[in-house]
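Commentary on secondary and tertiary structure
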Amino acid sequence: MLQFKFNGLLHRISNPDPHQTLYEWIREQSSAKGTHRMCGEGGCGACVVAIRTHSQIEQRLCTKAVNSCLFPLMAAEGCHVITTEGIGNSRLGFHVTQERLADSNGIQCGFCSPGFVMSAYSLLAENPRPSKQTTEDNFIGHLCRCTGYRPILDAWKSFSDTSEGVIDVEDCQKLPCLNDKAEYLPSVASVCTRNSVWYNPATVDECLHLMSKHGYASVRLVAGNTGTGVYKDLPRPFSYVSLQFVSELHFIEDDISGGLTVGSAVTLNQLKSALETSKGGKEKFKQLARHIEMIAGVPVRNRATWAGGLVLANKWGFTSDVLIIMLAAGAHLVIRDETGCQTCDLESFLQLDVSKKIIISMTIPYEKTGERYCSFKIMPRHGNSLAHVNAAFNWIPSETKSSCSAGEDFPLTSEINLFYGGLSKHPFRPKRTESYLKGKCFLRTEVFKNSLACLEEEISDQPGSAFKKRLALSLFYKFYLFVLRDKVSSKRLLSASQSIPRPISHGSEYDKFEEHPSKFPLTKPMPNVSAKLQASGGAEYVDDIPAYPNEVHGAFIISTQANATIKKLDFSNVLSQPGVLRVVTKDDIPSNGVNNWRWDPWAPEPVFADGEVGYAGQPLALVIADTQSRADWAARKAQVLYESKGKPILTIDEAIEKNELFCNVPDVEFGEGNPEEVLGASECILEGEVRAGEQRAFYMETQRSLAIPVEDGLDVYCSTQSPTTCQKAAAKVLGLKNNSINVFVRRLGGGFGGKDYYASFMAAASALAAHVMERPVRIVLDLESDMQIFGGRPSSLLRYRVGFTREGRLTCVLQTVYLDSGITRNGNVGYMYWAFDNAYFCPYWRVKRFACKTNTPSNTTIRGPSYVDGTYFMECIIETVANYLGKSSDEIRPLNFYKKGQMTPANLPVTYCSIEKIWKDLAQSSDYKKRKIEVQNFNEQNRWKKRGLSAVPLKYGIAIYPGWRFSVHVAVYAEDGSIAITTGGIEMGQGLHIKVMQVAASTLGLEDVSLIKIKPTSVMTAPNNSSTSASLGSEINCAAVLDCCRQLNQKLEVVREKLGRDATWPEIAKEALKMDIDLSAKAWAGRSGDTIFCYFVYGAACTEVEIDVLTGEREILRTDIIQDCGQSMNPYIDVGQVRGAFVMGLGYWLLEDIKRDPETGQLLTKNTWGYHPPGPKDIPVDFRVEFLRDAPNPLGVLGSKATGEPSICMSCSAVFAIAQALSSARAEVEESRVISLHGPVTVERVQELASVKTEQLFI
């Protein structure tokens, strides 16, 4: 029997499943729904819980954050498992961590919040007053797509040892657990089920016996189990042998034979702490500890063992950081099998068959006199990602010094270790280079040049990419300078040996916005209304809805080949998996239904592929099983035979070449005359092209839907931005009337446009499955399926010609834009109608727009659709003009700004324009001129680190398109005056609900929002409503609730006259009912007639960036944003939206690279290992947001402006800052300037454009 405590209660499980994870068990408990799953890899932090247990290493009770999705349920033996519900809730009171996160405005969609809370809780349980640096480091491994991280980090730093008003958190340390003593023994030695067995041996001898008894191939040794997050498709073993209670493997011994010795069950964080506190480690051990901190995140390192990483490297070629850094450090292992113990170095270990062996320990030698050790990890982002290349180097001097005049004060090389990871499957050691350097003096120029040439020759034989090979040479150069230190020939080289330092981030203290107390609760800064519920697990998302009787689960079988014909679909292996009930296919669609979930006129899109497959990831069928994990597992077992129809078209260029274009949208023309004649008459003419990449929405809550057969049809609970289109899709597929499909939505765990029309597919598929199975069906997509089935922001290509005067004024802009629409056409291309001019007036425009058909998923309208790339494209044109004229773009931009009274190319009048004021205010508040000089000085003083500073303006059009409508219903309850509101708009973190409440309270004359609650949206209360998207949801729903409340005020005027103006709201409500007054109102708001409700949002952003020329790494040092938000209804919400959108844009431009297999079309960047949205340390170190003062919007609701999308467009300021830094680097070797960059500007792209060649390296 397995026993452990869960949120204070003892649980005894008589027949546990050894395959089950702790997360899966937690989700079965109706009382605990705050623990969420997004990636299932330990890469997002949504599933983090606290484990309180006795540490054999530290000999005390410890509370550690762990990823429950990787934590085996069986490993909970004797522990106390604590989730966010266990530390605080709405009934018993919220915990200080939950309150602090909510009150700091650190919660938007809230899906990630419980994970953050439990990491903070675990940190504070161990260290009630952590330093700010420790606090910031603690949350690597957590992702948040909404907030931009700034308020989250501020919340946790408020507990730091330098903060005022720290609240006592002793309660974090008072939770009991079962194994509170060192001698605790597990309650069960083994658990056996039909399919597997779990053992808890106490000694290494028992482990070896069990391995031999069950056959080595069918046994898995389990310590941290974090490797299952990397290798998810490995066959499930029959026997699990846990190392949890093998005390021989849980030890750390310092000063043993001149080194630090650690047992193989020691975790990475325990090893890090031991290295930091060791007696003999000095700088070498500190460097090892710093590198370990770059591995994964804290919750993973709390479980992952150093030995596990070595085994993964041995068996599957995993790029292990531990392996690389310990190879260079000279560590050796003790390994044991049934014949006894052996000692070996790590290189020898890689050649061993470890299936019959157990690693016992590792010894790391102490630092020798004069030894210089350093390591590097070049990653796509700051932390929590695999390395492009990792490397570790160690230099040990001899007692003999060089006799040459050049190096007489520098010792010769006695020993040297050079190791690289990432160049090939196994670590690479350039032995010829090592051999050459032994006995040589590093200070001699010829030694450096010869060693570099030797290394370059050795690296050329490795299979790694050209980028990785360049990195390898650069890292060796960094190491060489690190050894020389102040002996280098120029101070300009000194900064090159280290990575760019990242200070503790900040910025919220500089935020500036207006409050109007006389209008409160309107304009009052307030967090999201559900924030504390979201932090404590009390907020319900789709998968939190309690399981229905007889409920089953679904997972999609998806194609692995694009542009192919299906020759055979074999489900026999699927149906043989445990728990599988059925496979639903296209043949199960009713005869009066259709295999097409698209409701719009663009193109049909099947629920399941019908004979032909357009793209890799296209759904072929749906597996139905008794649990979600079993359905997911079985779905990967289908056998599909394809016949290729030719190499898939995967890029815009391939589509153009093969003329695979959807019908082009009509050209946009503005101005008089023939475009070619106008262009030809310009004083100066230039042409060029720019590209922008793809981006996934990467919402923390993946797509999910629950369908339940009911007497009048089907109830569908779907994570959607558009309930109406979900209703249409499900009804269409099943051949039912729309009134047979009842769609309900309470909230989303993020949307960003990705849950606009794609959610309709989920609704249709779950409804079909429920219809076929005649029972409730729940589908919760795993991240990899979500990433492969659905597209995102399309890649784009601009080809342009521009005419301008010698002064720099635009005279003619001709653009041809291509968007990758995917397998079907979508609406993105239409948005270019608004986006291509940005903040600049030109008397003549022409834009040709084309949608390209490719063998990729249909793309969709992600946050700021076409505005993001359209704004960047126009800024690239401005940069090109400035470069041609030999002027600064800072001079050209304001020369072309729109002015009041001018017309845009969309024939919209500029009735109000604040761009010039914002531009001047930003220059002043950001110290732009002064910092420009500082950047120039920095670049002159540093050869291999460069900075750039760039500012960009913004004009973002807000419009209501045909058919955009929302309905709102307000009900007042006469008994106590409480109010319920339901809206057609969907809350997904943007603050729609709290703004609606503020407008209602303010309009009805209430002092606060405490009497108001928002009810779930349904197609009954809000029929025929639009999608909540394009930044308009909050605004239009506020307009509708304003209408409702004005109706109520008009009805209640007679009551107020009767009772007097001093009557309270509850008194008014009661009297109104007595007077037979209907205390409800409904309103329908949106587009009126042919008039597009339109205004512009103006803004500007200034960003400073530092790059490492040798590696391509970058640090965003500071960003200042000024945005015209009108009169903000809620400054907290709007600042959060501005920050979150900007950081999402940084991800788009700098990090989020999409890669596919060129032959099959399969998505390679389908998980957190390959796709990299920004993490907590990818945001600007200094991040400031300011709203334009005294700027109410006459065309907005109550003077407000939309904030959800505009600032994402200003994130390209970082790209132009990088371009400036690159230009400075290239100027060092007389290379041409970098004017515009193709997105995304990844580490690889920056390093390539830095144009570093080996002959440029010197000492």
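For the structure itself, look to the data block above.
Residues numbered from 1 in each chain as written. Predicted model: local features only at pLDDT ≥ 70, side-chain atom pairs only at ≥ 80, totals over all residues. Heavy atoms only, no water.

Focus: the overall build of the protein chain
The line we're drawing: Strands here are runs of E lasting at least two residues and helices are runs of H or I lasting at least four, both read from the DSSP assignment and numbered beginning at the N terminus. What the globule rule says is 2.2 Å times the number of residues to the power 0.38, and the radius of gyration is computed from C-alpha atoms. Only protein chains enter the calculation, and the probe is 1.4 Å; a residue is then buried if its accessible area is under 20% of its type maximum, exposed if over 50%, and partly exposed in between. In this analysis, two residues are considered to be in contact whenever any of their non-hydrogen atoms come within 4.5 Å of each other. Areas reported as accessible are Shrake-Rupley estimates using a 1.4 Å probe. Residue values count occlusion only from the protein chains shown. Here the positive residues are Lys and Arg and the negative ones are Asp and Glu; neither His nor the chain ends is included. Lys charges are placed at NZ, Arg charges at CZ, Asp charges at CG and Glu charges at CD.
Assigned secondary structure in the protein chain consists of 35 helices and 41 strands. Computed over the C-alpha atoms, the radius of gyration of the protein chain is 31 Å, within 12% of the 33 Å expected from 2.2 N^0.38 for a compact globule of 1259 residues. Its C-alpha atoms give the protein chain principal-axis dimensions of roughly 95 × 80 × 70 Å. When burial is assessed residue by residue, the protein chain has 66% of its 1259 residues classed as buried. Pairs at least 24 apart in sequence give 78% of the contacts found in the protein chain among residues at least 6 apart. Split by element, the accessible area of the protein chain, about 43700 Å² in all, is 49% carbon and sulfur. Of the charged side chains in the protein chain, 135 are positive and 140 negative, and the gap between their average positions amounts to 1 Å.

Points about the side chain of Asn1167
Operational definition: Polar contact is defined as a pair of N or O atoms within 3.5 Å, subject to the rule that within protein one atom must be able to donate a hydrogen and the other to accept it, and that residues adjacent in sequence are counted only when both atoms are side-chain atoms.
By the secondary structure assignment, Asn1167 is in the loop between helix H33 (1131–1151) and strand S41 (1182–1187). Its relative accessible area of 10% is what places Asn1167 among the buried residues. Reaching out from Asn1167, the side chain makes a polar contact with the side chain of Glu784 at a distance of 2.8 Å. Once residues within four sequence positions are removed from consideration, Asn1167 is found in contact with Glu41, Lys232, Leu783 and Glu784.

Quick notes on the sheet that holds strand S4 (residues 60–67)
Threshold: Should DSSP find at least two bridges between two strands, the strands are regarded as paired. Axis lines are fitted through C-alpha atoms, for helices just across the contact stretch, and the angle between N-to-C directions can take any value from 0 to 180 degrees.
Spatial strand order, S2-S1-S5-S3-S4: 5 strands in an open sheet with mixed pairing. Because the sheet does not close on itself, it has two edges, and the strands there are strand S2 (9–13) and S4. Strand-to-strand twist of the sheet, defined as the mean angle between neighbouring strand axes without regard to direction, takes the value 30°. Where strand S1 (residues 2–6) meets strand S5 (residues 80–82), 2 bridges bridge the pair, whose relative direction is parallel. Each bridged residue has a counterpart across the sheet, and for Lys5 the counterpart in S5 is His80. In the packing of helix H4 (residues 113–126) onto the sheet, contacts are made with strand S3 (48–55), S4 and S5, and the angle to S4 comes to roughly 160°.

Side note on helix H34 (residues 1213–1227)
Here is the rule we go by: By this rule the span expected of a helix is its residue count minus one, scaled by 1.5 Å.
The first and last C-alpha atoms of H34 sit 21 Å apart over 15 residues, in line with the 21 Å expected at 1.5 Å per residue. Most of H34 sits out of view: 13 of its 15 residues are buried.

Notes on the pattern of salt bridges
For the record, the criterion: Just to be clear on terms, a salt bridge is a Lys or Arg side-chain nitrogen sitting within 4 Å of an Asp or Glu carboxyl oxygen.
Enumeration according to the criterion identifies 67 salt bridges in this entry. Between Glu551 and Arg778 there is a salt bridge whose closest N-O contact spans 2.7 Å. Here Arg778 lies in strand S29 (residues 777–780) and Glu551 lies in the loop between helix H17 (531–535) and strand S18 (552–558), a separation of 227 residues in the sequence. An identical accessibility class is assigned to Glu551 and Arg778; each is buried.

Observations regarding the environment of Trp633
Along the chain, Trp633 falls in helix H19 (residues 628–635). Overall, Trp633 belongs to the buried group, its relative accessible area being 11%. In this structure the C-alpha to C-alpha distance between Trp633 and Pro578, which are 55 residues apart in sequence, comes to 9.5 Å. Those residues within four positions of Trp633 in sequence are excluded, and the remaining contacts are Lys232, Asp233, Leu234, Arg236 and Gln577.

Looking at the sheet that holds strand S37 (residues 1017–1018)
With respect to topology, 8 strands assemble into an open sheet ordered S20-S22-S18-S29-S26-S27-S28-S37, the strand pairing being mixed. The two strands at the open ends of the sheet, each matched to only one other strand, are strand S20 (580–584) and S37. As defined by bridge partners, S20 adjoins strand S22 (residues 619–625) across 4 bridges and the pair is classed as antiparallel. When the sheet's bridge partners are listed, Val584 is paired in S22 with Leu622. Lying on the sheet, H19 is in contact with S18, S20, S22 and S29; it crosses S18 at an angle near 20°. Against the sheet, helix H22 (residues 723–734) makes contact with strand S27 (713–718), strand S28 (741–745) and S37, and its axis sits at roughly 150° relative to S28, the strand it touches most.

What to know about the packing of helix H3 (residues 96–103) against helix H6 (residues 150–157)
Condition: Should an angle fall under 35 degrees it is taken as roughly parallel, and over 145 as roughly antiparallel, whereas 65 to 115 is taken as roughly perpendicular and any remaining angle as oblique. Whether a crossing is left-handed or right-handed is set by the direction in which the near helix is turned from the far one by less than a right angle, anticlockwise for left-handed and clockwise for right-handed. Gly counts as polar in this scheme, as do all residues outside two lists: the nonpolar Ala, Val, Leu, Ile, Met, Phe, Trp, Tyr, Cys and Pro, and the charged Asp, Glu, Lys and Arg.
Closest axis-to-axis distance for the H3/H6 pair is 8 Å, and the angle between their directions is 140°. Taken together, the axis directions place H3 and H6 in an arrangement best described as oblique. Relative to H6, H3 is oriented so that their crossing is right-handed. Where H3 abuts H6, its residues Thr97, Arg100 and Leu101 lie against Ile152, Ala155 and Trp156. Classifying every residue of the contact of H3 with H6 gives 4 nonpolar, 1 polar and 1 charged.

Considering helix H23 (residues 758–773)
Over its 16 residues, H23 runs 23 Å from end to end, which matches the ideal 22 Å to within 8%, given 1.5 Å per residue. A positive backbone phi angle near 60° is found at Glu774, which sits one or two residues after H23.

A short note on unusual backbone geometry
A cis amide bond links Phe520 with the next residue in sequence, Pro521, at an omega value of 10°. The topology assignment puts Pro521 in the loop between helix H16 (466–484) and H17. Look at the link from Gly1239 to Pro1240: it is a cis peptide, with omega at 0°. For Pro1240, the location among the structural elements is in the loop between H34 and helix H35 (1243–1249). A positive phi angle, near 55°, is found at Asp927, a position not held by glycine. Residue position: Asp927 is located in the loop between helix H28 (915–925) and helix H29 (928–941). Judged by its relative accessible area of 39%, Asp927 is partly exposed. Positive phi, close to 60°, is recorded for Ser1251, a residue that is not glycine. Relative to the elements of secondary structure, Ser1251 occurs in the segment after H35.

Nothing here speaks to function; it is geometry throughout.
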